[in-house]
Structure formats: C-alpha cells, structure tokens
Amino acid sequence: MTDAFAQIAALNARYARCIDDGALAEWPDFFCERCLYKVTTAQNYNDGLEAGLIYADSRAMLVDRVSALGEANIYERHAYRHILGAPFILAQDDAGTRAETSFLVVRIMRDGTSDVFASGRYVDVVRLDGDALKLAERIVVCDSSRIDTLLALPL
Amino acid sequence: MTDAFAQIAALNARYARCIDDGALAEWPDFFCERCLYKVTTAQNYNDGLEAGLIYADSRAMLVDRVSALGEANIYERHAYRHILGAPFILAQDDAGTRAETSFLVVRIMRDGTSDVFASGRYVDVVRLDGDALKLAERIVVCDSSRIDTLLALPL
Amino acid sequence: MTDAFAQIAALNARYARCIDDGALAEWPDFFCERCLYKVTTAQNYNDGLEAGLIYADSRAMLVDRVSALGEANIYERHAYRHILGAPFILAQDDAGTRAETSFLVVRIMRDGTSDVFASGRYVDVVRLDGDALKLAERIVVCDSSRIDTLLALPL
C-alpha cells in the first residue's frame, strides 16, 4: 500500500504543478487515452446525477478543451495554486487503484489578494499505461454548488 | 521512520475523509477505547492550561458527542474540507508514535462562498490497537483563540 | 524515488513546524552553511530577474535576519500556519535532489479571523550535510506580486 500511496502522491504533485505553472498543453498527458474526466458538485455526486459541469471521456476531448481555453487569456487573468492532501487508497484491483484526494485551490487576483477559489476531492482510478501511471478516471467533486462554468483552468 | 510516516499520513487522510463526508458515526472508531481527544487553543496549550473547549477521555464519550451533534442538522449547515500537511514524527516508543500534523479547515457556505474556518495542528499519540492503527491521543490545537464552541463537526 | 520523497516531505514538515511554532532561532539550521535562500515573485522568477525581496547566501546571513526580526515582536503580531503539498522530485544528481513543493500560508489575526496570507512554491536543492538532509537552496516563489517586504516570519 505504501508504494501506491507514494506513487499517487507524486502523480498528484506533478498534476498540480502542471496546472499551476500554466503548462496546460501537457495536462491531457496525465490521462489514459480512454478516460473519464468530470467536474461536478458534491450535491450532484451524492444524488447520483451523472451530469457534470465539464465532461470528457477521451484524452482527445481534453486536448480540445485545453485548446479552447486559449493560453493567451489565462496569463491575463488570475493565478491559481492547488494544495492537495495525501491520497486515500480505497481499493486496488485489476482495473487499477481507486483513490480519493482532497484539494484546495487558491486564486491570486491581479491586485495581489488571494482567496479560496474551490475545494473538494478527486475521486480517481489510476493505472499503469505503458510504464507511466495515468488517470483512467478523475471525477472532481467540488464542495460548493457554485462553480464558475467558465473555469479558465482545469481543476 | 518512513513506514510510520506513510501509515500516519494514510490514517489522517482517512480521518479527514470521514469528517468531510459527514460519516460521523464512524469517527469514534479512529480512537482507542481509552483515549484523549481535546480541542484547545494555541494560547492555552502553550500556557499549559489543561482545560479545552472540548474534552473526552474515552471512545464512549466521542460516541455521545457525535450523537448529540445530530446529523440532520449538519446537512443543513455548511460543508467543511480538511486539508492536512504531512505528519511530523516526534518520537516512537512503547507508548506509540508521537506525531504532529498541521491542518486547515475550509468552510463552504450555503451561498457557495468559502473561507478559512480553522487552522492549527494535531498533537497525536498513535498506536496499534489490535491490527489497526488508532489514536490514543489527539489534541487539536487551534491557532485562533476564537473557536466556535458549538462546532457542528469534529476537527 | 520513494525515499527522497518521504525524506523531503519530512524535512518540509519539520521546517514548517519550526516557523509556525515561532522557534526562529532554529530556522537557519535547516540550511547548509553556504546556501541560497531567496524570496521572490512568480513574475520575477519567470522573467529570470535575479533580485529577490529577501536574499541570503549563507547560514550566517539567515542567523542575522532572524535576530533582526526580534522574537519579542512576533508574539504580539499574528500567528501563521504553513500548509505544504507533497514534494515533486525533479532530479537527483551529485549536487543533491531538486524538488518543488507548493505552500499556502494562512495568517491568523489577533481578532481570531484568518485569511490566505501567501501561496507559492519552494524551488529547492536538498542534500546531505554530515548526516542531516539540509537545504542547499530554497527559492520561495510567491504567486502574488504583492508580498509584504517587512515579513515578520520566514516563508
């Protein structure tokens, strides 16, 4: 269990760094080619509602999404900082490792002030894809029901 | 040391998840039958004052406390998100492992906004109880001296 | 990799605890005798500007800095709480281990309220100095461009 713990913690640290550095073109590489990436709210998730604010079921869709965001714009907006908790390993089987990780995203405004932008948990299935550990599923369950649907950055 | 580090980090991740998920009936199981759970302030802790805002010295008292909170109410209030740092291992001996872990709790209001609700550190004694690692002591030392004594959730 | 990961996570937890406990006299001991400690902004760092808000290239300079802060004052000001992410290991070679770690610092005001004081990342070179793992370099890259240059505590 310790190995999976350290490996997923390292994967998460790299994932957060990619986003906070604005290296969005590299972000889809964290996912398997066929994957599930969804951003939803705790209320919808607990009620079993499938619909998410953002939904993608392939790496190609994530590439499209990143292109659409337009990196030029991002640098004129805010900066973000992800702070992640330690992963909690739920199960390990042939499909991969199921884990949950709490996250907090701080937004740094252009005027220098900061606030809590989002919090929640990643509900993940992680597995080896070739030699690399990748996300087969990442469901981003946001605590707040008011998430900006024009999210400038992935969560 | 690495083993204790990973095991306590995993215990803490599970503890935080239990509270943030609202699974409060399971929360007392993180503690030994005879235990110490106390919520206090940094000022009182540094001054050596024994009194805490919340005090329990058995798992049975924690069960009572959870019952008193009334789960129904909690779901009508706010959501909380714990973000924990890595545990710092202070000592390992026959009594167990002494460790400290920084925590931050974000509160998500009904209107969707979030703020920093509490921060501080857990001062813990962790030990094997049967085959499970449990908390023999968890002293929650809050940074702020203004802690809501009607805490709807454990820290 | 797992060893470096756990060791640097433990070093960081100890570092944060030292500062948050106000044990500033011990803070320079986290660094090698010849070291680099710099606090700068993401904008300056990305633009390759060498100047930092705070700059020290020896442990002796850090000792001076801590003396100048005047511990007496600190206790009359605010409390701080560092929450650190997991370290991301960039490279390991003869010079040591290069790693980055996200940080968030919460400030607790005298009136009991808390806010996000600073966020950013540590860009580190860590190496063995005798038997202890120490910081050969710690560049504190703050997300915000408005950092209080009269910082009462190290970051």
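For every chain, the first residue of the written sequence is number 1, and numbering continues from 1 along that sequence. Chains carry letters and ligands carry numbers; both start at the beginning, A for chains and 1 for ligands, and go up in the order they are written. Since the coordinates come from a predicted model, pLDDT governs what is reported: local features require at least 70, and pairs of side-chain atoms require 80 or more to be given and counted, while whole-chain, interface and lining totals use all residues. The side-chain values count all of the structure's non-hydrogen atoms but skip hydrogen atoms and water molecules.

I'd like a rundown of the pattern of salt bridges, residues and numbers included.
As a working rule, side chains carrying opposite charge can pair if their charged atoms are close by. One side-chain nitrogen of Lys or Arg within 4 Å of one carboxyl oxygen of Asp or Glu is enough to make a salt bridge. Tallied over the entire structure, the rule returns 21 salt bridges over all chains. The partner of C:Arg81 in a salt bridge is C:Asp20, and the shortest N-O contact between them spans 3.9 Å. Here C:Arg81 is found in strand 3 (residues 79-84), whereas its partner C:Asp20 is found in helix 1 (residues 2-20), with 61 residues between them in sequence. Each member of the pair, C:Arg81 together with C:Asp20, is buried. Taken together, the shared-partner salt bridges connect A:Arg17, C:Glu100 and C:Arg121 into one network. A run of DSSP states H or I qualifies as a helix once it reaches four residues; a run of E qualifies as a strand once it reaches two. Both are numbered from the N-terminal end. Here the term buried applies to any residue with accessible area under 20% of the maximum for its type, exposed to any over 50%, and partly exposed to those in between, with areas from a 1.4 Å probe on protein chains only.

Outline the relation of the copies chain B and chain A, supporting the account with residue identities and numerical values.
Mapping chain B onto chain A is achieved by rotating through 120° and translating by 0.0 Å along the same axis, at an RMSD of 0.0 Å. Taken together, these values place the two copies in the relation of a three-fold axis. Among all residues of chain B, the minimum C-alpha distance to the rotation axis is found for B:Gly85, at 4.0 Å. Interface overlap between copies is the fraction of interface residues in one copy that are interface residues in the other; for chain B against chain A it is only 16%, indicating separate surfaces. Here the copies are superposed with least squares, the fitted atoms being C-alpha atoms of residues at a pLDDT of at least 70 in both. In what follows, residue pairs with any heavy atoms lying within 4.5 Å of each other are defined as contacts.

Break down the interface of chain B and chain A for me, with residues and values.
The partner chain A presents 20 residues to the 19 residues of chain B that form the contact. Taken over both partners, the interface formed by chain B and chain A buries close to 1,700 Å², and the fraction arising from carbon and sulfur atoms is 63%. Looking only at chain B, the three residues that lose the most surface to chain A are B:Arg17, B:Arg81 and B:Ile83, adding up to 34% of its buried area. Inspection of the region where chain B meets chain A yields 2 salt bridges. The partner of A:Asp143 in a salt bridge is B:Arg81, with the nearest N and O atoms 2.7 Å apart. Looking at the side of chain B that touches chain A, the elements with two or more residues in it are helix 1 (2-20), strand 3 (79-84), strand 5 (96-108) and strand 6 (114-129) of chain B. For the side of chain B that touches chain A, the element with the highest residue contribution is helix 1 of chain B, accounting for 6 residues. The residue inventory of the side of chain B that touches chain A, partitioned by class, reads 10 nonpolar, 4 polar and 5 charged. As used here, buried area is the combined drop in accessible area, with a 1.4 Å probe, of two parts when they are placed together. Just so you know the grouping, Ala, Val, Leu, Ile, Met, Phe, Trp, Tyr, Cys and Pro go in nonpolar, Asp, Glu, Lys and Arg go in charged, and all remaining residues, Gly too, go in polar.

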